[in-house]
Every structure is written in structure tokens, then in C-alpha cells.
Amino acid sequence: MVKAVAVAETKQHTDQTNIEKILKQAEELKEIFSTRADAIDSEGVFPYKNFADLKNANFLSLTIPKEYGGKGLNLLEYLQVQEIIAQGDAPTALSLGWHLGVLLEAAENRHWQGSTFEKVSTNIVRNKALLNLAQTERATGSPSRGGTPGTTAKKVKDGWRLNGVKAFTSMAEALDYSIITADLDYTGTKGFILVDHNLEGISIKETWDSISMRGTKSDDLVLNDVFVKEEDLLFVEDGKSFTARGWYLQVPAVYIGIAAAAKDYAIKFASDYSPSTLPGPIKDVPEVRRKIGKIELELFNARQVLYSVARKWVEQPEQRINMGKELAAVKHIATNSANKVVDLAMKIVGARSLSASNPLQRHFRDVRAGLHNPPTDDAIVYNLADSVLGKS
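All figures in this text were calculated on a predicted structure; none of them were measured in a lab.

Q: Help me out: how do you make sense of the overall build of the protein in this one?
A: Counting its secondary structure elements, the protein contains eleven helices and eight strands. On C-alpha atoms alone, the protein measures out to a radius of gyration of 22 Å, which is about the 21 Å that the 2.2 N^0.38 rule sets for 392 residues. Dimensions along the principal axes, computed over C-alpha positions, put the protein at roughly 80 × 60 × 50 Å. Summarising the internal contacts of the protein: among those between residues at least 6 apart in sequence, 74% fall at separations of at least 24.

Quick look at the structure:
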């Protein structure tokens, strides 16, 4: 018994040391990414240099299980990384988060058929492959609102033929794999299918003209009679049971990171700026101090909600099936708080925050995207109401 306790304590200490090392690496990458963020935004290009750094640091395998050569980070640890990276460059963080989140879900549930998860994980560890989940379609809107995909998978000998277009596919031009959703053989059943971007019939259509998160390069993924093998059908979702996806908390984590970056800029500005009409810097002005206090409250509340729910997800896995409302509420609270923080930071800085060379205008545009990442505010509020009042 004593030996078992000692072994457990040693493992816990090792795990803590590992995550501390990873978070330190994330801080170092954040500083590097912050020097490139303005150019990525102004040019609207994918952050290839940032991802080269992430690959060199083995960050693409952070949520891959240790048994497959990854770091085995859990949800709570993964979100901490996301918040830090987002302070350096938000599009890089959000893009990385999609990749890591898909892998975390597979690691938690082991729901991919056969040995595909092991093979994909090994490829990512060895070759730094990049993947994302491609679900959204213009005709059906966000997958969070239900609906059968317009993309089809027709059963053929030894596999499937895929046809369709996926919109808002982050990192589209840089991906090695996508996991696409498709209507299986016109039955209304949704299948999740692994697609290698080297296959014939895969193309990218440049459609991403957003003023927010420009560096995610969320263009259209076009599937034109693409053949995939039978084993590439990872799993089937019957639509009858709700599946809570804790890793979607990477969305609020990223937007909290943007807010934290805006806060840091505003505090530095307030500490350095001393107009001739004042005896010292504007940080001593009561109204500025009040705004900084409100920023701290918003960030405190957002982080408490985010990380407490993430901790519950990790420590009480049996409760995950019932955590849909909590996950949605976190997204609503954190993304709205993040927007409030950036607004307050801009009010502290004043008209300078609207200068094209000022990072706050970039933070303002990027943080707005959080309000439109699914699930949207209206859907969250109505679902919460339905949960206590019942559907009419």
C-alpha cells in the first residue's frame, strides 16, 4: 500500500513537472508569435512560421496519448496552453486548438473504428501531420443546430465516394487530414470520415474574407468524387443521443487569451502615458483605475467559470454526458466577458486604439469572432431556458 502511494505521488510529480515545462514553452512561443501577429493579420496569410515552431516544439502531439508518443494532456492542461498561445497570436491558437481538440476527444472516447487513431497519432508524432474537423456547410449552417450534411458518402466497392463542400475549414490550405461529416448513402445518417488531403479530388477554394481571425484561413474544402477506404469511416453519429464535447472549451480559452493580451497592452499604456495636463501617468486617474478593476473582474469570472468546468470534466468523467449546459454556459460567459475586456481596454487607450498600427484594433476584430463560433448566444440562452422550463 505504501509503495503504491509512493508510485502515485511520483507519477503526479512527474506529470506536474511536464505540464509546467509545456506551459513555459507556450510562454516562449507566445512571445515569438506576438512579433508576427500584425503581419499575419494585415496580410491575411496562414501562420506557417508559427506552425513550424509548434511542430518543432512537438505541440501538435500535446493531446495524443503517451502510449502513442504524445504528451497526454487532459482538457484542463490543454486549455491553459490555448489561453497562453492566444495572447501571442489568436488565429494560431484557434487553429492549433481544433487540431488538438479533435485528438483529445478521440483519446478520451477511443471511438474511432479499428486502429485508425493509433495510425493517425503515430503519423502526427513522427511527421507533424495537421488535421481538423470539417463540418460546417453554407446550406445547413452550423452543425450545432442539427441538420443532415449536404456532403454525401456513397457506398462503393471497398469504400466510399465523397462529394460536397465544407465551409469555414480552418487551416484548409495547410491540412494533411480532414475529418468530414457526410450523409451516408443518402440515409440521413451522419458519418465522420477521415480524408487524406493528398487524395485525388480534394481542392481548396479561397473564400475566407473575414475581418476577424484572418490567419485561420478558413476557406472552403471541396470534395469532388473523392474515394476513401471503408476503414476511413471513423464513427457514426445516430443523432439520438447528445454528445458533450468538452474540447470545444478551447473557443472560450482562446478569447480569454485575446482579452488578456488587450489588458496587458492597456495597462502598459496607462502606466507609460503622461499627458501634460496631468501630474503623472493616466493609471492614477480614478476612472482609468475603475476600468482596470472591471477588466480584472471580467477576466477573473471568465477564468473561474472556464477552469472549474474543465476541472469537473477531468475529475468527474462520469458526469460528462450531463455537462452540455455547463459547456455552453461557459462559452457564453467567457466570450462575452472577453469582448467587454477588449472594449474597456480600448476606452482606456482612447482614439489611439483605432490606429491600424495598434494591436487593440486587431484584438477587437478577433474577439468579436467568439460571439459567432457555435453555439451562438441565442442558441445557448434558449437551450438553457428549455432545460428548466421544458420545450413548449
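Q: Even after reading the chapter, I still don't get the pattern of salt bridges, so can you show me in this structure?
A: Where charged atoms of side chains with opposite charge meet at close range, the side chains can pair. Scanning all chains against the criterion turns up 20 salt bridges. With its nearest N and O atoms 3.1 Å apart, the salt bridge here joins Glu 67 to Arg 110. Of the two residues, Glu 67 is situated in the loop between helix H3 (48-56) and helix H4 (75-88) and Arg 110 in the loop between helix H5 (90-109) and helix H6 (116-127); the sequence distance between them amounts to 43 residues. Notably, a salt bridge pairs Lys 155 with Glu 230, separated by 3.0 Å at the nearest N-O pair. Of this pair, Lys 155 sits in strand E2 (residues 152-156) while Glu 230 is found in the loop between strand E7 (219-229) and strand E8 (233-237), placing the two residues 75 residues apart along the sequence. Here Lys 155 falls in the partly exposed class, since its relative accessible area comes to 33%. Among the charged side chains, a network of salt bridges with common partners joins Glu 105, Lys 190, Glu 237 and Arg 245.

Q: How should the side chain of His 197 be read in this particular structure?
A: Along the chain, the position of His 197 falls in the loop between strand E5 (190-196) and strand E6 (202-205). A polar atom in the side chain of His 197 sits 2.7 Å from the side chain of Ser 178. Beyond its immediate stretch of four places on either side in the chain, His 197 contacts Ala 172, Leu 175, Asp 176, Tyr 177, Ser 178, Ile 202, Ile 204 and Leu 221.

Q: It is not clear to me how the environment of Lys 331 should be interpreted in this structure. Could you clarify?
A: Mapped onto the elements of the fold, Lys 331 is located in helix H9 (residues 324-349). What makes Lys 331 buried here is its relative accessible area of 3%. For Lys 331 and Lys 21, which are 310 residues apart along the polypeptide, the C-alpha to C-alpha distance reads 28 Å. Apart from residues no more than four positions distant in its own chain, Lys 331 is found in contact with Val 251, Pro 252, Gly 370, Leu 371, Asn 373, Pro 374, Pro 375, Thr 376 and Ile 380. One polar contact links the side chain of Lys 331 to the main-chain carbonyl oxygen of Gly 370, over a distance of 2.7 Å.

Q: I tried to follow the side chain of Lys 166 on my own but got confused; where do I start?
A: Its location among the elements puts Lys 166 in strand E3 (residues 159-169). Lys 166 has contacts with Ala 134, Gln 135, Thr 136, Glu 137, Pro 149, Thr 151, Ile 180, Thr 181, Asp 219, Asp 220 and Leu 221, leaving out every residue within four places of it along the chain.

Q: Teacher, can you tell me more about the packing of aromatic side chains here?
A: The description of an aromatic ring pair rests on the distance of the ring centres and on the angle between the ring planes. Inspection of the entire model under this criterion finds ten aromatic pairs. Here the aromatic rings of Phe 46 and Tyr 48 are separated by 4.9 Å at their centres, their planes lie at 70°, and the arrangement is edge-to-face. Each ring, one from Phe 192 and one from Phe 235, has its centre 4.4 Å from the other, and the planes form 10°; the classification is stacked. One end of the pair, Phe 192, is in strand E5; the other, Phe 235, is in strand E8, and 43 residues separate them in sequence. Given the relative accessible area of 1%, Phe 192 is considered buried. The exposure class assigned to Phe 235 is buried, which follows from its relative accessible area of 15%. Here the aromatic cluster, defined as three or more aromatic residues joined through ring pairs, consists of Phe 46, Tyr 48 and Phe 51. For the cation-ring pair, Lys 155 lies above Trp 160, with the distance from its terminal atom to the ring centre recorded as 5.5 Å.

Q: Could you clarify how one ought to interpret the environment of Val 330 in this entry?
A: You can see Val 330 is positioned in helix H9. You can call Val 330 buried: its relative accessible area is 1%. Distance in space between the C-alpha atoms of Val 330 and Leu 249 is 7.6 Å, their sequence separation being 81 residues. Discounting chain neighbours no more than four positions away, the residues touching Val 330 are Leu 249, Pro 252, Val 305, Leu 306, Val 309 and Thr 335.

Q: Just to check I follow, could you spell out H9 for this structure?
A: Counting along an α-helix, one turn takes 3.6 residues, and residues three or four places apart therefore face a common direction. With 26 residues, H9 ought to run about 38 Å at 1.5 Å a step, and its terminal C-alpha atoms sit 38 Å apart, in line with that. Positioned one or two residues after H9, Gly 350 has a phi angle of 85°, which is positive.

Q: What should I look at first to understand unusual backbone geometry in this one?
A: Negative phi characterises most residues that are not glycine, and trans characterises most peptide bonds. A cis amide bond links Pro 374 with the next residue in sequence, Pro 375, at an omega value of -5°. Tracing the sequence through the fold places Pro 375 in the loop between helix H10 (359-368) and helix H11 (377-389). Notably, Lys 217 is not glycine yet its phi reads approximately 45°, a positive angle. Residue placement: Lys 217 occurs in the loop between E6 and E7.

Q: Please clarify how the nonpolar core should be interpreted in this entry.
A: A general trend in soluble globular proteins is that nonpolar side chains are found buried together. Grouped together as the largest cluster of nonpolar side chains are 93 residues, with contacts concentrated most on Phe 59, Leu 79, Val 81, Trp 112, Leu 249 and Tyr 255. If we ignore the near neighbours within four places in the chain, the residues touching Val 81 are Ile 22, Leu 23, Ala 26, Phe 59, Leu 62 and Leu 73. Within the second largest apolar cluster, 15 residues are counted, among which are Trp 160, Leu 184, Val 226 and Val 228.

Q: Just to check I follow, could you spell out the environment of Tyr 186 for this structure?
A: By the element assignment, Tyr 186 lies in the loop between strand E4 (177-184) and E5. Tyr 186 sits 196 residues away from Tyr 382 along the chain, and the two C-alpha atoms are 31 Å apart. Not counting residues within four places of it along the chain, the set of residues in contact with Tyr 186 comprises Thr 152 and Lys 154.

Rules used in this analysis
Residues numbered from 1 in each chain as written. Predicted model: local features only at pLDDT ≥ 70, side-chain atom pairs only at ≥ 80, totals over all residues. Heavy atoms only, no water. Helix = DSSP H or I, 4+ residues; strand = E, 2+ residues; numbered from the N terminus. Rg over C-alpha atoms; globule rule 2.2 N^0.38 Å. Contact = heavy atoms within 4.5 Å. Salt bridge = Lys/Arg side-chain N within 4 Å of Asp/Glu carboxyl O. Buried < 20%, exposed > 50% of the residue type's maximum accessible area, 1.4 Å probe, protein only. Polar contact = N/O pair within 3.5 Å; in protein donor to acceptor, adjacent residues only side chain to side chain. Phe/Tyr/Trp six-rings, centres within 6.5 Å; stacked < 30°, edge-to-face > 60°. Lys NZ or Arg CZ within 6 Å of the ring centre and 35° of its normal. Expected span 1.5 Å × (residues − 1). Core = buried A, V, L, I, M, F, W, Y, C linked by side-chain atoms within 4.5 Å.

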